[in-house]
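Inside the fold
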Amino acid sequence: MVNAELVRAFERIADLMEIDGADTFRINSYRRAARTIKDLSEDIAVVAAEERLTDLPGIGKGTADRIRQFLETGRIDALGELEAKFPPGLPRLLEIPGLGPKKVALTYSKLGVKDVADLKKVIESGELALLPGLGEASVKKIADGIRFLESSGGRTPLGRALPIAEAFAERVRKLLGVKQVELAGSLRRGAETIGDIDILCDSDDGEAVIRQFVGFEGVKRVLVSGSTKGSITVDLGKEREVQIDLRVVESESFGAALQYFTGSKEHNVRLRERAAAKKWRLNEYGLFDGEKCIAVKREADIYRKFGLPFIPPELREDRGELNLKKTPELVTLDDIRGDLHMHTLASDGKCSIEEMAAAAGKLGYDYIAICDHSKSSVIANGLSVERMKKHIRAIRAAAENATGIAVLVGCECDILPDGSMDYPDEILSECDWVVASIHSAMGSGVSDKLSPTERTIAAMENRYVSAIGHPTGRLINKRAPMELDMAAVVKVAVRTHTILEVNANWMRLDLKDLHVRLALEAGASVVINTDAHHTDQLLQMRYGITTARRGGATRKDVVNCWTLSSLRKQIAKKRG
DNA sequence: GCCGTTTTCGGCCCGACTGTTTTCAGTCG
């Protein structure tokens, strides 16, 4: 699909226009269009062919023309003109914290700085500090920014950030005069990766709170230290660091502040537009009609003033949530009755069947499925047919002895390059539950092999395949997803009663939020599994929950929120 | 460049912090 290329093109246009000093509203239009295409679950070429481009939010006649030009010629004139004006490395400079479009334009025009290497040279030589509007302090900030960019390597996975965030939130909670502390920002929205950690607290003495915050043990650098806002970085290991922002507000405006700092930016812009339409003003201190504050205490009050239900943080992404008529009852961790994908010592897990069952029982689960690897996953010590037969007997025996929890016989069976299953039906039919996954030959377009989409569909056609595991195979920040035609996969999933997995491992989160939504809208069901290789990893369920919530999943959509008998009925329905 | 319980033209979200500005611009979220 050409969607991703188009997103990059529009973002590049916006970046270059900013450096060019163009009208900010026009720049934002390009960014909005880029985001719309990024969120799109279908091929933009199909949308264009069906003349539906201007139905998409933020895409008008002008942008539609540019999309069509790109589809036909692979180029966009508007981008070509900007690229003729500026060297190619310039937009990259915008990613450096402390360096914005104005300063990028200035360093380019006055000093000929074309890329990061040039920038380092003029910092070294002292030329940068001599430019108007810049001084020693700004230059130091930029130099730090370069180091941060080179060490941070992009966004931090949710599962890496959340434990750090919770630890710092706990330390803030213990400070004198602090009554309320909440995580905000993308972390509270449960985004798969986060740019920085946002923490909000209340206090009558913001200055004192910030002073103590920036002095916490483990703080690597202090970026900002004011009376309401503090900004620090902490080490993530491997020379990476993550930024933590703390905002302090007075207790009375906590609700307004929490709404404001939870974002997303786009969600808030939409909400403030609605405020403006009513001649109100919305900011982190409350919702105001003239000088009069009309909502401030709780987040829900603010939404109610707009005639809206409470919008759960996970949905605040400007993906149509402001049209909701009532608050959706999104799935919660308490709704989960079982975990249907975990490994044991039999393949590449680190714990026994009994240990996994006991740990799951402690979490209050009613059932689990043991799903070790099949024979082709050699690296993962996949089980041969003979070993699997023995393993099935071992699981049945463990199930007999387990108290208070049902232990299902399962497997994670490889989907081979030709679309067939790694185990014969004779073995699969012995299992109560089968997760089918692609682990090899993930690249598409390899000749004499089926595409990932064809392989996935072939697996779903097998009556013993209960679910598709980590459908796109992506590893966040490490491996790109396979090119899967998700709309086609979802359609077959519905027809064949195959369940799609939301793999809760924070490196995967696969299906991702938008795919969950696509699946549910088509009428498919999902299962949220941890794919745990150790009892500790069973706790990663929370990340799968937030991902499913972001996709709008309710308890009814998630099969491991069902009773065991309902789940068995679903499996039987597929087996026919 | 988009868009319409204020509109097909004229708007388009809002505030904190920093540095170098002697009254505010740039950056960020």
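Just so we're clear, the structure is a prediction, and the values are computed from it rather than from any experiment. (Residues numbered from 1 in each chain as written. Chains lettered and ligands numbered in written order. Predicted model: local features only at pLDDT ≥ 70, side-chain atom pairs only at ≥ 80, totals over all residues.)

**Thoughts on the nonpolar core**
Grouped together as the largest cluster of nonpolar side chains are 119 residues, with contacts concentrated most on Ile199, Ile368, Ile370, Val434, Ala519, Val526 and Ile528. Setting aside anything within four residues of it in sequence, one finds Ile528 in contact with Ile336, Val502, Ala504, Met541, Gly544, Ile545, Ala548, Val558 and Asn560. Listed in part, the 27 residues of the second largest apolar core include Ile13, Leu82, Leu90 and Leu119. (Core = buried A, V, L, I, M, F, W, Y, C linked by C-beta atoms within 7 Å. Buried ≥ 20, exposed ≤ 12 C-beta atoms within 10 Å, placed from the backbone. Contact = placed C-beta atoms within 7 Å.)

**Topic: unusual backbone geometry**
Negative phi values dominate among residues other than glycine, just as trans dominates among peptide bonds. Residue Gly263 is joined to Ser264 through a cis peptide bond whose omega torsion reads -5°. Within the secondary structure, Ser264 sits in the loop between helix 13 (254-262) and helix 14 (265-277). A cis amide bond links Asp510 with the next residue in sequence, Leu511, at an omega value of 5°. By secondary structure assignment, the location of Leu511 is in the loop between strand 16 (499-503) and helix 21 (513-522). With a phi angle near 25°, His470 is a residue other than glycine that sits in the positive phi range. (Helix = DSSP H or I, 4+ residues; strand = E, 2+ residues; numbered from the N terminus.)

**Some thoughts on the sheet that holds strand 13 (residues 406-414)**
One open sheet holds the seven strands; their spatial order is 11-12-13-14-15-16-17, and the pairing between them is parallel. The open sheet has two free edges, formed respectively by strand 11 (338-342) and strand 17 (526-529), since each of these has just one partner strand. In this sheet, strand 15 (residues 467-468) lies alongside strand 14 (residues 433-437) in parallel orientation, the contact comprising two bridges. If you follow Val435 over to strand 15, its bridge partner there is Ala467. Each of strand 11, strand 12 (367-373) and strand 13 touches helix 16 (residues 353-362); the most contacted strand, strand 12, lies at about 145° to it. (Pairing = 2+ DSSP bridges. Axes fitted to C-alpha atoms, helices over the stretch in contact; angles between N-to-C directions.)

**Things to note about the pairing of strand 17**
Side chains Val526 and Ile528 of strand 17 all project onto a buried face; the interleaved residues Val527 and Asn529 project onto the opposite face, where all are buried too. Where strand 16 and strand 17 come together, four bridges link them in parallel fashion. Its bridge partner being in strand 17, Leu500 is matched across the sheet by Val526.

**Considering the sheet that holds strand 6 (residues 229-237)**
Pairing in this open sheet of five strands is mixed, and the strands run 2-4-7-6-5 from one edge to the other. The open sheet has two free edges, formed respectively by strand 2 (181-184) and strand 5 (219-225), since each of these has just one partner strand. On average, each strand axis in the sheet is inclined to that of its neighbour by 25°, with strand direction left out of account. Sheet analysis places strand 6 next to strand 7 (residues 240-249), joined by eight bridges and oriented antiparallel. Each bridged residue has a counterpart across the sheet, and for Ser231 the counterpart in strand 7 is Asp245. The strands touched by helix 12 (residues 206-214) within the sheet are strand 4 (197-202), strand 5, strand 6 and strand 7, with strand 7 carrying the most contacts at an inclination of about 165°. Sheet contacts for helix 13: strand 2, strand 4 and strand 7; angle to strand 4, the most-contacted strand, approximately 175°.

**Some remarks on the pairing of strand 13**
For strand 13, a buried count of eight out of nine residues is recorded, marking the element as mostly surrounded by other parts of the structure. Bridge count between strand 12 and strand 13: seven bridges; the pairing is parallel. Bridge pairing in strand 13 links Cys371 to Gly410. This β-α-β element, strand 12 to helix 17 (residues 385-401) to strand 13, shows right-handed connectivity. (Right-handed = clockwise from strand over helix to strand, strands pointing away.)

**Side note on the domain arrangement of chain A**
As assigned here, chain A comprises domain 1 (1-86), domain 2 (156-249), domain 3 (253-323) and domain 4 (334-575). The straight-line distance from the C-alpha centre of domain 1 to that of domain 3 is 29 Å. (Domains from an automatic or database assignment.)

**Here's the deal with helix 12**
Along helix 12, the residues classified as buried are Gly206, Val209, Ile210 and Phe213. Buried residues in helix 12, looked at end-on, bunch into an arc of 95°, giving them a common side. For helix 12, the secondary structure elements touched by its buried residues are helix 10 (158-173), strand 4, strand 5, strand 6 and strand 7. (Arc of directions from axis to C-beta.)

**Observations regarding the protein's contact with DNA strand B**
In the vicinity of DNA strand B lie 41 residues, with Gly60, Thr63, Gly100, Gly135 and Gly226 positioned nearest. Only helix 2 (24-39), helix 4 (61-73), helix 7 (101-111), helix 9 (136-152), strand 5, helix 14 and strand 8 (280-283) provide two or more residues apiece to the surface near DNA strand B. In terms of residues, the surface near DNA strand B owes the most to one element, helix 14, which gives six residues. For the surface near DNA strand B, the class distribution of residues is 14 nonpolar, 16 polar and eleven charged. (Near = placed C-beta within 6 Å. Nonpolar A, V, L, I, M, F, W, Y, C, P; charged D, E, K, R; others polar.)

**As for helix 22 (residues 541-550)**
The buried fraction of helix 22 is high, at nine of ten residues. Of the surrounding secondary structure, the elements contacted by the buried residues of helix 22 are helix 10, strand 11, strand 16, helix 21 and strand 17. Gly552, located one to two residues past helix 22, shows a positive phi value of around 85°.

**Concerning the packing of helix 16 against helix 17**
One can describe the packing of helix 16 onto helix 17 by two numbers: an axis separation of 10 Å at closest approach and a directional angle of 40°. The angle between the axes of helix 16 and helix 17 places the two elements in the oblique class. Taken as a pair, helix 16 and helix 17 cross one another with a handedness that is right-handed. Facing helix 16, whose interface residues are Ile353, Glu354 and Ala357, helix 17 presents Ala394, Ile395 and Ala398. Classifying every residue of the contact of helix 16 with helix 17 by side-chain character gives five nonpolar, no polar and one charged. (Parallel < 35°, antiparallel > 145°, perpendicular 65-115°, else oblique. Left-handed = near helix turned anticlockwise from the far one by under 90°.)

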